[in-house]
Amino acid sequence: MRFFNTEGPVRADEHYLLPPLQRWRLDEVRTLISQKKYFLLHAPRQTGKTSCLLALLEHLNREGRYQAVYANLEGAQAYRERLDPAMATIVTDIATWASDGVGDTEAPALAREVLAQTPPGSALGVFLSRWCARLERPLVLLLDEVDALVGDTLVSLLRQLRAGYTKRPAHAPNTVILCGVRDLRDYRIHARSEPAPITGGSAFNIKAESLRLGDFSAVETRTLLTEHTQDTGQVFTPEALDRVWMLTQGQPWLVNALAYECCFRMPEGRDRARPIDVALIDQAKEQLILRRVTHLDQLADKLREERVRRIIEPMLAGEALEQLPLSDLEYLTDLGLLRQRDGGGIEIANPIYREVLPRILALVPQASLPRIAPTWLDAQGQLDSEALLEAFLSFWRQHGEPLLKSAPYHEIAPHLVLMAFLHRVVNGGGSLEREYAIGAGRMDLCLRYGAVTLGIELKVWRDGRPDPLTQGLEQLDDYLAGLGLADGWLVLFDRRSGQPPIAERTRVAERLSPSGRCIQVIRA
């Protein structure tokens, strides 16, 4: 029985899949190989890069014009900048992959011979030269996880490949494909042998192209999901198919993970007579987020990087991105965190990431929350909005000041603390949805609990800016109209310098929006 794959390369006999070479521009790749080019394939993690490389390997070797060899270089990562063991590992691993993958049993002996006679700074080049000289066909070398290497090791690899470029194909690979998460232009290499950081482009200026493996299209997403229907008879409702596309925007791992969760983990979904509907998709999404599966947990690790914080923090706050290095935007795009929307602007890559990022950042404040009695629930267990407002005001006055210090992103610390509080409110019995837009100066929250839906807008009053009340009422008006609500909360966090303590300045007043909606204005 086939299933949706979320770990490692796909196999046609085990997994639902889209043919990998259809996702990669095969005609373009074949042209580059025929022109003896060296080039890159890059894409975010778990999007199918290795599957594409292995499919290309099989395709080229089946055609018989080239000798294609795949090798994963991640094993050398452990040696960091210790050049001798790192380069020995790279040479040995390439030879071992050649032996195990395509039956070139002489390659390991050649590697041992070269390593015994040659300094590490030239061992790879010498090995490739001697290896290519005895091969009957031009070598196409597919090197995976190249950007796992760092410092002198990465510089040495790139420069040895570059040094042999003019000798191809008789004494160097006809084609080298370097594969990793990032484009080569974004390699910032701090090598001990170099006085200043160098870029991958300067160390490997023979690169012809950088090919990026894209996400699934809407049609491809639907095609993959319906493979399950063809195998089992279990259908996805049209609304569920649309929901998967909306939530994932075709990110391959997310598509497979949502579908696997629904069809193979959830008891309701394992009943093949039951259609997969929107409710199951939404439940699966929530389970993936709550379990912080590996793919999503990797996002948490990236959020600690300064160049990621510089972009994600103002985006979550709805602030404009000004004077940011283009390289930072390109880096986050390569990681798959951002995408360019129609019209040229940037946004978080998909709604699941958009929900996960602030949730991850709110984890520490949430863990720091004191015990809070659920005074916002009535005798029937339903949410009482007025009681919730009183509970929040009491909580904020008493605990807001110390909890702000626990938030990892200082500029949006109030947002994170409020979200931590609201997550304690929903606590599995409801949901909290977020919307934020660059330049809008706000974050919108929608809390759903039973029959109650509460729209909340968050804004920050900073030094040198006017009171955001008027703009906030107008923006919240539009947001509540979209939700079909007649009232809501506008929370104004006063972050100006010289303000009295939170306990003294926190207050609430009722105001009407421009279209007459009743708004609770909370100045915090």
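Everything below is about the structure shown above.
For the structure given in this document, a descriptive report is provided here. Note that the coordinates shown come from a computational prediction; the quantities given were computed from them, not determined experimentally.

1. Topic: helix 10 (residues 238-248)
- Looking at helix 10, one finds that the buried residues are A240, L241, V244, L247 and T248. Down the axis of helix 10, the sector holding all buried residues measures 135 degrees, keeping them to one side.
- Along its buried surface, helix 10 packs onto helix 9 (218-232), helix 11 (252-265), helix 13 (278-291) and helix 17 (351-361).
- Positive backbone phi, at 50 degrees, marks Q249, one or two positions downstream of helix 10.

2. A word on the pairing of strand 14 (residues 507-512)
- Pairing analysis gives 6 bridges linking strand 14 to strand 15 (residues 518-523), with the strands arranged antiparallel. Within the sheet, the bridge partner assigned to L512 lies in strand 15 and is C518.
- Following strand 14, the chain reverses through 5 residues before pairing antiparallel with strand 15; G516 in that reversal takes a positive phi of roughly 90 degrees.

3. Points about the environment of D183
- For D183, the position within the fold is in the loop between strand 4 (175-180) and strand 5 (188-189).
- Residue classification places D183 among the buried positions, given a relative accessible area of 4%.
- Each C-alpha atom, one on D183 and one on L41, is 7.9 Å from the other, the two residues being 142 residues apart in sequence.

4. Let's talk about the side chain of T47
- Within the secondary structure, T47 is located in the loop between strand 1 (38-42) and helix 3 (49-63).
- Of the polar contacts made by the side chain of T47, one reaches the backbone oxygen of P44; its length is 2.7 Å.
- Apart from the residues within four sequence positions on either side, T47 is in contact with R23, L213, D215, Q251 and P252.

5. Comments concerning unusual backbone geometry
- In this structure, the amide linkage connecting R168 to the following residue, P169, adopts the cis form with an omega of 0 degrees.
- Looking at the element boundaries, P169 is found in the loop between helix 7 (151-163) and strand 4.
- Even without being glycine, Q46 reaches a positive phi, approximately 60 degrees.
- For Q46, the position within the fold is in the loop between strand 1 and helix 3.
- Given the relative accessible area of 33%, Q46 is considered partly exposed.

6. Section: the pattern of salt bridges
- Across all of its chains, the model carries 35 salt bridges by this definition.
- E305 is paired through a salt bridge with K302; the nearest N and O atoms lie 3.4 Å apart.
- We note a salt bridge from D444 to R442, for which the minimum N-O separation is 2.9 Å.
- For D444, a relative accessible area of 2% translates into the label buried.
- Taken together, the shared-partner salt bridges in this structure form one network comprising K285, E286, E355 and R359.

7. Comments concerning the environment of E145
- Along the chain, E145 falls in the loop between strand 3 (139-144) and helix 7.
- Taking C-alpha positions, E145 is 5.7 Å from E74, a pair spaced 71 residues apart along the chain.
- In contact with E145, other than residues within four places in its own chain, are R45, N72, L73, E74 and C179.

8. Some remarks on the side chain of R517
- Secondary-structure assignment places R517 in the loop between strand 14 and strand 15.
- Taking the relative accessible area as the measure of exposure, R517 reaches 18% and is therefore buried.
- A distance of 2.7 Å separates a polar atom in the side chain of R517 from the backbone oxygen of L485.
- Within the structure, R517 has its side chain in polar contact with the side chain of S515 (distance 2.9 Å).

Each value, and the rule that gives it
Residues numbered from 1 in each chain as written. Predicted model: local features only at pLDDT ≥ 70, side-chain atom pairs only at ≥ 80, totals over all residues. Heavy atoms only, no water. Buried < 20%, exposed > 50% of the residue type's maximum accessible area, 1.4 Å probe, protein only. Helix = DSSP H or I, 4+ residues; strand = E, 2+ residues; numbered from the N terminus. Arc of directions from axis to C-beta. Contact = heavy atoms within 4.5 Å. Pairing = 2+ DSSP bridges. Polar contact = N/O pair within 3.5 Å; in protein donor to acceptor, adjacent residues only side chain to side chain. Salt bridge = Lys/Arg side-chain N within 4 Å of Asp/Glu carboxyl O.

All we've got here are geometric facts, nothing functional implied.
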